[in-house]
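Observations on the three-dimensional arrangement
So you can see what is in the structure, the chains are spelled out below.
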Amino acid sequence: MILNKNTYRISVTFILVVLVSIFIETKAQNGTQDSLENRLESYHLRDTTRVNLLNELAYNLRRSNLDRSCQCAAEAKNLAEELNYKKGVAGAMNALGNCFYLRANYAEAFAFFGRAEKLNLEIDSRSGLTFSLNGTGMTHLRQGNYPIALDYIQKALVIAEEIGDETRVSFSTYNVGNCYFQLGEYSLALDYYERSLELSRELGKQDFLAVTLRDMGQTHTKLNNFEEALKCFQNSIQIMEREGDQKGMAFTMVTLGILYKKQNEVDRAFDYFQQAARLSEENGFKHHLCNSYTCLGEVYLERENYSQAMRYAHSSLLIAKELNILPEQRDAYHQLSKIYEATNDYKKAFQSHKAFKELNDSIFNEESVRSVANLKNSYDYEREKQKAALIQQQKDAVQQAEARWQQTILNFFIGAFILMTVMVLIVFKISRQRKKANAILSSQKNEIEIKSRRVHAQNSEIQRKNRELATQREQLEETLEELQKTQSQLVQSEKMASVGVLTAGIAHEINNPLNFIHGGKSALEKYTKKNLREHEGKMKPLLDTIDLGIKRVTGIVLSLNRFSRQGNGKNETCDIHLIIDNCLQILEHQIKSKVDIEKNYTSDRLDLEGQEGELHQVILNVLANAAQAIRENGTITITTRKVREKLEVVISDTGCGISKENLGKVTNPFFTTKDPGQGTGLGMSIAYNIIQSHQGTIKYESDEGVGTTVTIGLPISVVPMEA
């Protein structure tokens, strides 16, 4: 059998697709369950799987929860060393190095990345090696060692491209862009950032995407592409907020401030610098705090506020020296030289400028620039060599495949023919069985449809009856609730009436002995003046004390009489100030030891038509609640005022307050926030009904932990007070 090469290829491809589909379908059902079972079991075991999960978690949490990230990395390291799992130890070392790098502890970061690099070389883990090299390079970059940083990062990029690890390629490409940005090669940096951005989008790496967009914004700012820069910053912040990247947010605010400052929007820039400083101070982001202080010092320098500029420049320099980061030290010295020059301290200005120049020359010396150029050329050469080698490998592989193709194709087609024949027989058998099964299923389906219609009819009837029962139950519940409410209000009204009768009787009975005391006091006073003149001075304080007691008892009796007074209608003329004072007199024993009363009464006499006993009950309830809300010491402020044709009584306390969710329920019957046995929940409900019956309003405002304000509004007729 002779077939041309294209026909062979098409046929073989078709058969391979069929075989692969059958294989995947067969394995999928078993593989998924086994994978889930193994993952669930390993979660509780102290094994290598747990180490890998901890390292993965440490990496994912590095920006949103750095403390937790460090904790996971340390646990992974200890467990991996216990298991002698070198790959896990190397991964944990990389994670710990990253933690110390993000904490700006560069000495520890160098140590962990160095140990991770050595261990990855030992176990030939090239993917882990790219992480170690990147980490060491970025740490050198932070300290201003740009040629060394670029050397490490380009080595990582070459290895990542060789092993085809697109995540590492994206990360390394981004870091190369950072190196060129620091070297002032902004167009070249932008090329690397755009390549990293494209890879990050393909991989769905949100953290890479956010920081790359931010640094692209920085680069566009340097190139004066302000519109593009702002767009990059906005997209970056949106991702960082979603991912909870506080550290990234801090530095992005600095870069946004620099953008607005370059556009002469200094106030807006200053706000962003302050936000960045505050966020960095709260979270201990020392490196970003250093940058924020430098930017704030620059703004104060422009505003000629030299003391503040000096303070921030010195703070920035101290942090930069503590972290041993040369670029930030250089910038701080440069800023100090300008401040000293502006304040005519030329000696210190010269010293600061000299320090700035030395640091700048050490970073951007001729040897460094030459090293960077050589590194770039060597990297380009390595990439071209890799491409050539890859093309040659591909050609060799194609030639070998072509040679093997003619030798194996005939055997393959024979096997495929046999397989297809078997498959046709199987399909034929399955088709016959399916026809029989379809006939049985059709019969069963008809029976099910008949039964389903019957069940549907029965369900409809049951649902209708359920709806009727639900309606009846709702009506009964509403009726029961209304009856309970009415019963409770009637009971409370009867109690208040009984209290009124009892109070009136007590007041009457107190008045009789009170009159005897008053008479006896008057007789004693006359007798002293007539017969005991020489003791009159000693007796007077005692007689005044008796007189004061008589007046206080008389006031209490008068307040009780007014509180217990019951009228037949709402047409009594009521003095609201007198009602308030009576209620305070009744509550004096509750409030005198812990509450200060502040009265802000209007100068107008505010009379209104109403039932005096009921108004006493409202004011007494509000004042009692205010006093009970004050746990230890506090103030109750009572204000009366005329608002148009209405009287307003405002009672404010400094008590515990009412939560927002409970504020709307205070007038509901039986609702109370007090402990069981401390209240019935009817006081404010009855007060609300009394105010409603007087055509008035009652409003509540409260801030939990601060206090509550109750505003009562009633219609009035205003009568000016007599002089």
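A closer look at the confidence of the model for the protein chain
Put simply, the protein chain has an average pLDDT of 78, and 78% of its residues get 70 or more. In this model residues 1–38 is a low-confidence stretch, pLDDT under 50, and it forms 23 contacts with partners more than four residues away in sequence or in other chains. This model gives residues 381–390 a pLDDT under 50, and the stretch forms 6 contacts once residues within four places in sequence are excluded.

Side note on the nonpolar core
Core analysis: the biggest nonpolar cluster contains 83 residues, and Y101, V176, L256, Y293 and L296 have the highest contact counts within it. When neighbours within four sequence positions are excluded, L296 is seen to be in contact with F270, F273, Q274, A277 and Y312.

Thoughts on the packing of helix 4 (residues 86–102) against helix 6 (residues 126–142)
Taken N-terminus to C-terminus, the directions of helix 4 and helix 6 make an angle of 15°; their axes are 10 Å apart at the nearest point. Compared by their axis directions, helix 4 and helix 6 come out roughly parallel. For the crossing formed where helix 4 meets helix 6, the hand is left-handed. Contacts between helix 4 and helix 6 involve N94, N98 and Y101 on the former and, on the latter, G128, F131, S132, M138, T139 and R142. When the residues that make up the contact of helix 4 with helix 6 are grouped by side-chain class, the tally is 3 nonpolar, 5 polar and 1 charged.

Focus: the pairing of strand 1 (residues 572–575)
The two faces of the sheet receive side chains in turn, since in a regular strand these alternate between them. Judged by which residues are buried, strand 1 turns out to be one-sided: E572 and C574 face inward and are buried, whereas T573 and D575, on the alternate face, are not. Judged from the 4 bridges that link them, strand 1 and strand 3 (residues 605–610) form a sheet pairing that is antiparallel. What sits directly across from E572, in strand 3, is G610.

Digging into helix 3 (residues 66–83)
In a regular helix each residue adds 1.5 Å, so 18 residues correspond to 26 Å; helix 3 covers 26 Å between its end C-alpha atoms and thus fits that length. Within helix 3, the full set of buried residues consists of L66, S69, C70, C72, A73, A76, K77, L79 and A80. Where helix 3 is buried, its residues meet helix 2 (48–60), helix 4 and helix 5 (106–123). N84 lies just past helix 3 and shows a positive phi near 55°.

With respect to the pattern of salt bridges
Under the defined criterion, the tally for this structure stands at 19 salt bridges. In this structure, the salt-bridge partner of E265 is R268, at a minimum N-O distance of 3.5 Å. Classification of R268 as partly exposed rests on a relative accessible area of 41%. For E648, the salt bridge goes to R641, with nearest N and O atoms at 2.9 Å. Owing to a relative accessible area of 17%, E648 belongs among the buried residues under this scheme. Here the salt bridges do not stand alone but share partners, grouping E461, R464 and E468 into one network.

Let's talk about a negative patch on the surface
On the surface, E474, E477, E478, E481 and E482 cluster together into a patch of negative charge. Tracing the backbone through its elements, the reader meets E478 in helix 18 (residues 366–531). In this structure E478 comes out as exposed when scored by relative accessible area, which is 56%.

With respect to the pairing of strand 4 (residues 634–643)
With 7 of its 10 residues buried, strand 4 lies for the most part within the structure. Direction of pairing for strand 2 (residues 595–600) relative to strand 4: parallel, over a ladder of 6 bridges. Paired with N600 across the two strands is T639, which belongs to strand 4. Alignment of strand 4 against strand 5 (residues 646–653), held across 8 bridges, turns out to be antiparallel. Paired with I636 across the two strands is D653, which belongs to strand 5. With antiparallel pairing between neighbouring strands as the criterion, strand 4 and strand 5 make up a hairpin whose turn holds 2 residues, including R644 at a positive phi of roughly 55°.

Description of the sheet that holds strand 5
The strand order across the open sheet built from 5 strands is 2-4-5-7-6, with neighbouring strands paired in mixed fashion. The open sheet has two edge strands with one neighbour each: strand 2 and strand 6 (697–703). Ignoring which end each strand starts from, the neighbouring axes of this sheet average 15° apart. Relative to strand 7 (residues 707–715), strand 5 runs antiparallel, the two being bridged by 8 bridges. The residue bridging L647 from the neighbouring strand is L714, located in strand 7. Helix 24 (residues 683–693) contacts strand 6 and strand 7 of the sheet and is inclined by roughly 140° relative to strand 6.

What counts as what
- One numbering rule holds for all chains: residues counted from 1, following each sequence as written.
- The predicted nature of this model means local features are confined to residues of pLDDT at least 70 and side-chain atom pairs, given and counted, to a pLDDT of 80 or more, with totals for whole chains, interfaces and linings taken over all residues.
- As a rule here, side-chain values cover all heavy atoms of the structure and leave hydrogens and water aside.
- For every residue, the pLDDT score states the predictor's confidence, bounded by 0 at the bottom and 100 at the top.
- Contacts are assigned to residue pairs that have any heavy atoms within 4.5 Å of one another.
- The criterion is simple. A nonpolar core is a set of buried Ala, Val, Leu, Ile, Met, Phe, Trp, Tyr and Cys residues joined through side-chain atoms within 4.5 Å.
- For each residue, the accessible area found with a 1.4 Å probe, counting protein chains only, is set against the maximum for its type, and the residue is called buried under 20%, exposed over 50%, and partly exposed in between.
- Lines fitted to the C-alpha atoms define the axes, with helices restricted to the stretch that makes contact. Angles between their N-to-C directions range from 0 to 180 degrees.
- Helical segments are the DSSP runs of H or I of at least four residues, strand segments are the runs of E of at least two, and each set is numbered from the N terminus.
- Relative orientations are named as follows: roughly parallel for angles under 35 degrees, roughly antiparallel for angles over 145 degrees, roughly perpendicular for angles from 65 to 115 degrees, and oblique for any other angle.
- Handedness of a crossing follows from how the near helix is turned relative to the far one, being left-handed for an anticlockwise turn of less than a right angle and right-handed for a clockwise one.
- Three residue categories are used. Nonpolar comprises Ala, Val, Leu, Ile, Met, Phe, Trp, Tyr, Cys and Pro, charged comprises Asp, Glu, Lys and Arg, and polar comprises the others, including Gly.
- Should DSSP find at least two bridges between two strands, the strands are regarded as paired.
- Every helix has an expected span of 1.5 Å times one less than the residues it contains.
- One side-chain nitrogen of Lys or Arg within 4 Å of one carboxyl oxygen of Asp or Glu is enough to make a salt bridge.
- Residues form patches when they are more than 30% accessible in relative terms and have no salt bridge. Like charges link within 9 Å. Nonpolar side chains (Val, Leu, Ile, Met, Phe, Trp, Tyr) link within 5 Å.
- For accessible areas, the Shrake-Rupley method is used with a probe of radius 1.4 Å. Any residue's cover is judged against the shown protein chains and nothing else.
- Charged-residue counts in this description rest on Lys and Arg as positive and Asp and Glu as negative, His and the chain ends being excluded.
- For charged residues, the charge sits on one atom: NZ in Lys, CZ in Arg, CG in Asp, CD in Glu.

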